Number of protein chains: 2
Amino acid sequence: MVKITDVARHAGVSPSTVSYALSGKRPISEETRRRVEESVRLLGYHPHAGARALAGRRSDVLALVVPLRAGIDVPVVMRFAVSVVTTARRYGHDVLLLTQEEGEEGLRRVVDTGLVDALIVMDVQLHDPRLPLLRHLDRPSVLIGFPADSDGLTCVDLDFKAAGEACVEHLARLGHRVVALVGSPPEVYVRRTAFAQRVVQGFTAAADRNRLSSAVHPCEASPVAARAVAEQLLREQPALTGVVIHNEAVLEPLIDAFEELGLRVPTDLSITAICPDEVAESLRVPVTSIALPSSEVGSQAVELLMRKLDGKAVPEATLLPPTMTQRAGTARRTAE
Amino acid sequence: MVKITDVARHAGVSPSTVSYALSGKRPISEETRRRVEESVRLLGYHPHAGARALAGRRSDVLALVVPLRAGIDVPVVMRFAVSVVTTARRYGHDVLLLTQEEGEEGLRRVVDTGLVDALIVMDVQLHDPRLPLLRHLDRPSVLIGFPADSDGLTCVDLDFKAAGEACVEHLARLGHRVVALVGSPPEVYVRRTAFAQRVVQGFTAAADRNRLSSAVHPCEASPVAARAVAEQLLREQPALTGVVIHNEAVLEPLIDAFEELGLRVPTDLSITAICPDEVAESLRVPVTSIALPSSEVGSQAVELLMRKLDGKAVPEATLLPPTMTQRAGTARRTAE
DNA sequence: GGATGATGTCGAAGCGCTTCGATTGCTCGC
DNA sequence: GCGAGCAATCGAAGCGCTTCGACATCATCC
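What you see is a predicted model; the values in this text were computed from it and never measured.

A. Representation of the protein's contact with DNA strand C. Taken together, 27 residues lie around DNA strand C, and Thr-17 and Thr-32 of chain A together with Lys-3, Ile-4 and Arg-26 of chain B are the ones closest in. In DNA strand C, the atoms that sit within 4 Å of the protein are 59% sugar and phosphate, with bases accounting for the remainder. Backbone polar atom of Ile-4 of chain B to a phosphate oxygen of DNA strand C: 2.3 Å apart, as the coordinates give it. Within the backbone of Ala-51 of chain B, an N or O atom sits 3.5 Å from a base nitrogen of DNA strand C. When contributions to the surface near DNA strand C are tallied by element, the ones reaching two or more residues are helix H2 (15-23) and helix H4 (49-56) of chain A together with helix H2 (15-23) and helix H4 (49-56) of chain B. For the surface near DNA strand C, the residue count by class is 12 nonpolar, 9 polar and 6 charged.

B. Spatial organisation of the interface of chain A and chain B. Across the contact, 35 residues belong to chain A and 35 residues belong to chain B. The three residues of chain A that bury the most area against chain B are His-46, Met-78 and Leu-97 of chain A, which together make up 19% of that side's buried surface. Residue Asp-94 of chain B is joined to Arg-109 of chain A by a salt bridge in which the shortest nitrogen-to-oxygen separation is 2.7 Å. Remark: the boundary between chain A and chain B carries 8 residue pairs in polar contact (both at pLDDT 80 or more). Of all the secondary-structure elements, those providing two or more residues to the side of chain A that touches chain B are H4, strand S1 (61-66), helix H5 (74-90), strand S2 (94-99) and helix H6 (103-112) of chain A. Examining the composition of the side of chain A that touches chain B, we find that 9 residues originate from one element, H5 of chain A, more than from any other. When grouped by side-chain class, the residues that make up the side of chain A that touches chain B number 22 nonpolar, 7 polar and 6 charged. With 3 bridges joining them, S2 of chain A and strand S2 (residues 94-99) of chain B adopt antiparallel strand pairing. Following the sheet pairing, Leu-96 of chain A is matched in S2 of chain B by Leu-96 of chain B.

C. Fine view of the protein's contact with DNA strand D. What surrounds DNA strand D is a group of 28 residues, the closest being Lys-3, Ile-4 and Arg-26 of chain A together with Thr-17 and Thr-32 of chain B. Restricting the count to atoms of DNA strand D within 4 Å of the protein gives a sugar and phosphate share of 59%. Ser-16 of chain B has a polar side-chain atom sitting 3.2 Å from a base oxygen of DNA strand D. Interatomic distance of 2.8 Å between a side-chain N/O atom of Arg-26 of chain B and a base oxygen of DNA strand D.

D. Structural context of the relation of the copies chain A and chain B. Mapping chain A onto chain B calls for a screw motion: a turn of 180 degrees about the axis and a shift of 0.0 Å along it, with 0.1 Å RMSD after fitting. Expressed as a symmetry operation, the mapping of one chain copy onto the other fits a two-fold axis. Same-surface contact between copies: 100% of interface residues of chain A are shared with the interface of chain B.

E. Summary view of the domain arrangement of chain A. Examined at the domain level, chain A breaks down into domain 1 (4-47), domain 2 (61-158 + 294-320) and domain 3 (160-291). Of note, the centres of domain 1 of chain A and domain 2 of chain A, computed from C-alpha atoms alone, are 35 Å apart.

F. Here's a closer look at the packing of aromatic side chains. Residues and elements named next belong to chain A. On inspection of all chains with the given rule, the structure shows 2 aromatic pairs over all chains. Relative to Phe-195, the ring of Phe-160 lies with its centre 4.6 Å away and its plane at 85 degrees, an arrangement referred to as edge-to-face. Of this pair, Phe-160 sits in helix H8 (residues 160-173) while Phe-195 sits in helix H9 (residues 186-209), and the two are 35 residues apart along the sequence. Each member of the pair Phe-160 and Phe-195 is classed as buried.

G. Just the pattern of salt bridges, in detail. Here the structure, examined in full by the defined rule, presents 54 salt bridges over all chains. Here Glu-38 of chain B ties to Arg-41 of chain B by a salt bridge, and the two come within 3.3 Å at their closest N and O atoms. You can see Glu-38 of chain B and its partner Arg-41 of chain B sitting in helix H3 (residues 30-43), 3 residues apart, about one turn around the helix. For the salt bridge of Arg-139 of chain B with Asp-138 of chain B, the shortest nitrogen-to-oxygen distance reads 3.9 Å. By sharing partners, the salt bridges in this structure join Glu-30, Arg-33, Arg-34 and Glu-37 of chain A into a single network.

H. Broad picture of the sheet that holds strand S4 (residues 141-144) of chain A. Judged by pairing direction, the sheet is mixed, and its 12 strands sit side by side in the order S11(A)-S5(A)-S4(A)-S3(A)-S1(A)-S2(A)-S2(B)-S1(B)-S3(B)-S4(B)-S5(B)-S11(B) without closing on themselves. Whereas interior strands pair on both sides, the edge strands pair on one side only; in this sheet they are strand S11 (317-320) of chain A together with strand S11 (317-320) of chain B. Going from strand to strand, the sheet's axes swing by 25 degrees on average, the running direction of each strand aside. Sheet topology note: the strand S3 (residues 118-121) of chain B/strand S4 (residues 141-144) of chain B ladder contains 3 bridges and is parallel. Across the sheet, the residue bridging to Leu-119 of chain B is Ser-141 of chain B, located in S4 of chain B. Relative to S2 of chain A, H6 of chain A is tilted by about 155 degrees, and along the sheet it contacts S1, S2 and strand S3 (118-121) of chain A together with S2 of chain B. Its contacts with the sheet place helix H13 (residues 294-309) of chain A against S1, S3, S4, strand S5 (155-158) and S11 of chain A, and it is angled at close to 160 degrees to S4 of chain A.

I. Quick peek at the side chain of Thr-288 of chain B. Within the secondary structure layout, Thr-288 of chain B lies in strand S10 (residues 288-290). Aside from chain neighbours lying at most four places away, what touches Thr-288 of chain B is His-170, Ile-271, Thr-272, Ala-273, Met-324, Thr-325, Gln-326, Arg-327, Gly-329 and Thr-330 of chain B.

J. View of the state of the cysteines. Residue and element names in this part refer to chain B. All told, the structure shown has 0 disulfides over all chains when counted by the stated rule. With no disulfide of its own, Cys-275 lies closest to Cys-167 among cysteine sulfurs, the gap being 9.4 Å. For Cys-275, a relative accessible area of 4% corresponds to the buried category.

K. The arrangement of the packing of helix H5 (residues 74-90) of chain B against helix H13 (residues 294-309) of chain B in detail. Residues and elements named next belong to chain B. For the pair H5 and H13, the least separation of the axes is 7 Å and the interaxial angle reads 35 degrees. For H5 against H13, the interelement crossing comes out right-handed. In this structure, H5 uses Val-76, Arg-79, Phe-80, Ser-83, Val-84, Thr-87, Ala-88 and Arg-90 to contact H13, whose residues at the interface are Ser-294, Ser-295, Val-297, Gly-298, Ser-299, Val-302 and Glu-303. Here the contact of H5 with H13 is composed, by residue class, of 6 nonpolar, 6 polar and 3 charged.

L. Expanded view of empty space enclosed by the protein. All told, the structure shown has 2 cavities of 30 Å³ or more when counted by the stated rule. For the largest cavity, the calculated volume is near 140 Å³. If you go around the largest cavity, you meet 14 residues; those closest to its centre are Ala-49, Gly-50 and Leu-115 of chain A together with Gly-50 and Leu-115 of chain B. Of all the secondary structure elements, the ones that give two or more residues to the lining of the largest cavity are H4 of chain A together with H4 of chain B. By residue class, the composition of the lining of the largest cavity is 8 nonpolar, 6 polar and no charged. Taken together, Val-66, Met-78, Ala-81 and Leu-97 of chain A together with Met-78, Ala-81, Val-82 and Leu-97 of chain B make up the lining of the second largest cavity. Those elements that provide at least two residues to the lining of the second largest cavity are H5 of chain A together with H5 of chain B. For the lining of the second largest cavity, the residue count by class is 8 nonpolar, no polar and no charged.

Quick notes on the rules
- Residues numbered from 1 in each chain as written.
- Chains lettered and ligands numbered in written order.
- Predicted model: local features only at pLDDT ≥ 70, side-chain atom pairs only at ≥ 80, totals over all residues.
- Heavy atoms only, no water.
- Near = heavy atom within 4 Å.
- Polar contact = N/O pair within 3.5 Å; in protein donor to acceptor, adjacent residues only side chain to side chain.
- Helix = DSSP H or I, 4+ residues; strand = E, 2+ residues; numbered from the N terminus.
- Nonpolar A, V, L, I, M, F, W, Y, C, P; charged D, E, K, R; others polar.
- Contact = heavy atoms within 4.5 Å.
- Buried area = accessible area lost by both parts, 1.4 Å probe.
- Salt bridge = Lys/Arg side-chain N within 4 Å of Asp/Glu carboxyl O.
- Pairing = 2+ DSSP bridges.
- Least-squares fit on C-alpha atoms with pLDDT ≥ 70 in both.
- Domains from an automatic or database assignment.
- Phe/Tyr/Trp six-rings, centres within 6.5 Å; stacked < 30°, edge-to-face > 60°.
- Buried < 20%, exposed > 50% of the residue type's maximum accessible area, 1.4 Å probe, protein only.
- Axes fitted to C-alpha atoms, helices over the stretch in contact; angles between N-to-C directions.
- Disulfide = S-S within 2.5 Å.
- Left-handed = near helix turned anticlockwise from the far one by under 90°.
- 1 Å grid on protein atoms, 1.4 Å probe; cavity = no way out; pocket = protein on both sides within 12 Å on 5 of 7 lines; lining within 4 Å.
- Points joined across faces, edges and corners; volume = space filled by probe spheres on them.

Right, here's the structure in full:
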């Protein structure tokens, strides 16, 4: 194994000079730097990570904590993870994979052992038990999603309010005047109120702004509930032509229910959803949708972390703008 | 940060004794060991990973290289990764996540820097450019899948031959006498011949053993090709009642084609597939299938790696037995 | 023209751990 | 009853790197 002293000897300088030439932490003459780099290349020198971590008190490794629990959308997590790794590498960092299962202990372990010098935590719950720890750890962290109290934490997520608005604006532009939001099931509200409620806010605000008649209905994650909500909607808003669905589980049942009730998508009813693209695409009638931009969230999280590692200040909340993908499920309102 | 000298002082012993007490590499009196452990707990001591890696010349970290390319089944990869992390933790190891994109350089980097002391490589290609490197690296590795030449490498995968056999045996037990295999598209054969061909071997062997009339048809990954193959099958084997499909992409189109040709699944035609459970389940008619046991492959890979790290010999090839999940797509042959 | 800064380089200390003798008491066996 | 042998512990060296202070060199400025 080739070490820094080998490079130093080969380049005819001292080990410390090699170190400075590579890190740039002290001025080194152009001439010397080139000689050192040449030697590094020739000898195939790779600094020992452990030695570095020990002397430099930083490991250049990030921890990524991925969720395990059921109901997690796997492709989203995977895209996110890949984006984190790719971005981290651009900053010379590696990524240690941890599972939710490790809990607080696991976080403390990787930090205390000096294995990682920053953390990315996915699937943050409203009252996540790891929050106090993350707050008091002397290592920077970034959360994906917003807990109930995000004070003193750095969080990244889709701007759900803007997403709700965008759905309505889209429907409004297509001429729809009566719209409804089918929201998340109660469980979701319990765990992650913040994000579900922000959709409602955005939806309502945009509907009011556009002077649309609107209604909001939470919905259980079952076909039976979907059917009931569909019937209720038509009863209460007979002129309904635009629906926003923020509830993956009932997307399909809801469309089925509407069609069974005699409404064709998109001829009679336009549908937009907030859900992963895979879900929106694989429907019988693919719907226009806004997805969590997993890759951007991943790279954004890493970039925030890098700034924090550099001692720079970062905003506590980063809300990513929604992007809408138009599909067959929405159409211009047919004049009646 | 609490270090080993703190623990030593607190326990009234020397640092080396603490080290030995914790590693068990030298006999330490019961009494002392308990005192040390007590101090460790009380002080919340976590040995510094870098220092350990430096002095002990092992990092207790495994690299996991995950594929990026399109066409990869994401849930399978994810399950695999989670299983690797979970199993690794049981052995006191952590997992560094790398993407395929890093290539050979990336592997060399994490090894040369001493960041990891073993590697798990997924999605190994038939003539993978990383093979020579993996062979000559002085760190153990385990591959998921079999390259063309697996000499000197440790590989784990589903026993595809047994899977092919199991499908046929299942159909035979249900009374089917005329069966066919719809195989992978040519691209797959190019990249990973071994595994596709082993399915054919198993299929043929089991068919012969059961004295079934059988045929094998590769199939392009398009609905058009699927339709063509379906028609060809019925022409060449009019008495066909059992089909094994080893080609995710045409599973759905093929079933559609059969039904359009007047064959109902499973009444007229029983179908078994080798594909991820998600795929088999989400079909209009869920088919009986054999999936890659991702979790087992993951834990198996880690266990092999641990044995190699301990200097023990391990088999070069580990073939995991197939497990069949019965679904609506197969039925007893109806007497005619 | 000698004090003043840069600029570029070196030597040595030290990061926190493991590990290799060496040392100290013991228990045995004869 | 004394050396052999073993169990338990200690001290010190060293893993490969970063970083701090020191030093040498050279241009700069009244």
